[in-house]
Amino acid sequence: MLAFLRVRPSPLFGRGLDLDFPMLAGCLGLLGLGLVMITSASSEVAAALSGNPLYHMIRHLIYLVIGLGAAGVVLMIPMSFWQRYGWILLLAAIGLLVLVLIPGIGREVNGARRWIGFGAFNVQPSEIAKVFVVVYLAGYLVRRQEEVRESWMGFFKPFVVLLPMAGLLLLEPDFGATVVMMGSAMAMLFLGGVGMLRFGLMVALAVGAVFVLVQTQEYRLQRLITFTDPWADQYGSGYQLTQALIAFGRGEWFGVGLGNSIQKQFYLPEAHTDFVFSVLAEELGLVGSLATLALFVFVCVRGLYIGLWAEKAKQYFSAYVAYGLSFLWIGQFLINIGVNTGLLPTKGLTLPFLSYGGSSLVICCVSLAVLLRIEWEQRNVLGNEDIEFSEDDFVEPSQEVAHAR
């Protein structure tokens, strides 16, 4: 397969390394910062559990290499491939979400069955499913554009697929992934031209569903109650949030210094996963936190602009994929930061590019590669419905001269 892809025009081969360097630099900056913060936030826990303070850093570095390798392969895959096989990817996503619920296949951690084990590594199907849903829905919006805009049936059809997948995620349970996936799908439908009446109904139903889900699960209701006043039970249900807030308070303007966090020393649970931003705020302070937020905003907005550029080039499938992937990042970013700062109830959801977690990191790298591919195809006018493309357009000047002779 790699040999087949090698001869096709791509951002990696043809005219040299031809990438959207602002987007690439922003994401690489986040990946580098994430590696540093994982090393710092996990050192105490890793030393106690494995005897090696760099245990989690080494694993994170392995996942990073895998993610960058996967991104290199994805960069060579045309967007037409994703559009053609979107329905197969959707079936694969559903299959993975079913497999993870089967005892003996899915691994249960802290009461949730969200991982499929492959030796020393775990794969989180929800991370893969979110991306595949975006790809499928983008293809649907292109095929059924008029139906989506003009009829109720075109609006409801995607939910025949989305609602069962949301149900499978809730069975794990993974409420955060469900919210992010459905939120991104709703945003894509809105950008696809769904009328305000239908969109308003969709929002109302989503809010009602969240209310019902919170009321029917005691632990979710308890998290909501704790969120309103975590200090009322700071050594019980509010412990994690209060420790995160203490980390923010200790950081002040410029932080206590890289590696000098106190909260990571067994005070703050999940310091290197869901609450890595709290450790970052403690060590780098308000200035470092705001700089990190600015970098996140840059890459998310850049992703949306890539979608806008593709849409202007009439590459509608690529545009919807770019929008969807950007909204996945935005959703996870807002929820994770909201949880860390006490603006949202506690929810286990990784911070894109920064948190420790193999599946999340690899999928972030793959998503970045897809966005870079979309930007490259748009800039080179590939996939435009009005323009035919041939590989002769990418022949090197020296090759053209030789051919003329």
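Look up: the structure comes first, before these words.
Quick notes on the rules
- Residues numbered from 1 in each chain as written.
- Predicted model: local features only at pLDDT ≥ 70, side-chain atom pairs only at ≥ 80, totals over all residues.
- Heavy atoms only, no water.
- Helix = DSSP H or I, 4+ residues; strand = E, 2+ residues; numbered from the N terminus.
- Buried < 20%, exposed > 50% of the residue type's maximum accessible area, 1.4 Å probe, protein only.
- Contact = heavy atoms within 4.5 Å.
- Core = buried A, V, L, I, M, F, W, Y, C linked by side-chain atoms within 4.5 Å.
- Pairing = 2+ DSSP bridges.
- Axes fitted to C-alpha atoms, helices over the stretch in contact; angles between N-to-C directions.

1. Digging into the side chain of K130
(1) Moving on: Along the chain, K130 falls in helix 6 (residues 125-143).
(2) Moving on: Residue K130 is classed as buried on the basis of its relative accessible area, which comes to 2%.
(3) Moving on: In contact with K130, not counting residues within four places along its chain, are A177, V180, M181, L328 and Q332.

2. Some points on the nonpolar core
General note: in soluble globular proteins, nonpolar side chains tend to be found buried as a group.
(1) Moving on: With 97 residues, the main nonpolar core has M23, W82, M165 and W329 as its most contacted residues.
(2) Moving on: Sort the elements by how many residues they give to this core and helix 14 (residues 316-341) lands first, with 14 residues.

3. Details of the sheet that holds strand 3 (residues 121-123)
Pairing between the strands of a sheet comes from backbone hydrogen bonds, and it takes one of two forms, parallel or antiparallel.
(1) Moving on: Ordered by their spatial adjacency, 3 strands build an open sheet running 1-2-3, and the pairing between neighbours is antiparallel. The open sheet has two edge strands with one neighbour each: strand 1 (106-109) and strand 3. Sheet twist, expressed as the average angle between the axes of neighbouring strands with direction ignored, equals 50°.
(2) Moving on: For strand 1 and strand 2 (residues 112-118), the ladder comprises 4 bridges, and the chain directions are antiparallel. The residue of strand 2 that forms the bridge with V109 is A112.

4. Some points on the environment of G67
(1) Moving on: In this fold, G67 is placed in helix 3 (residues 55-75).
(2) Moving on: Take G67: its relative accessible area is 0%, and that puts it in the buried class.
(3) Moving on: Residues G67 and I363, 296 residues apart in the sequence, show an inter-C-alpha distance of 7.2 Å.
(4) Moving on: For G67, the contacting residues outside a window of four places in its chain are V362 and C365.

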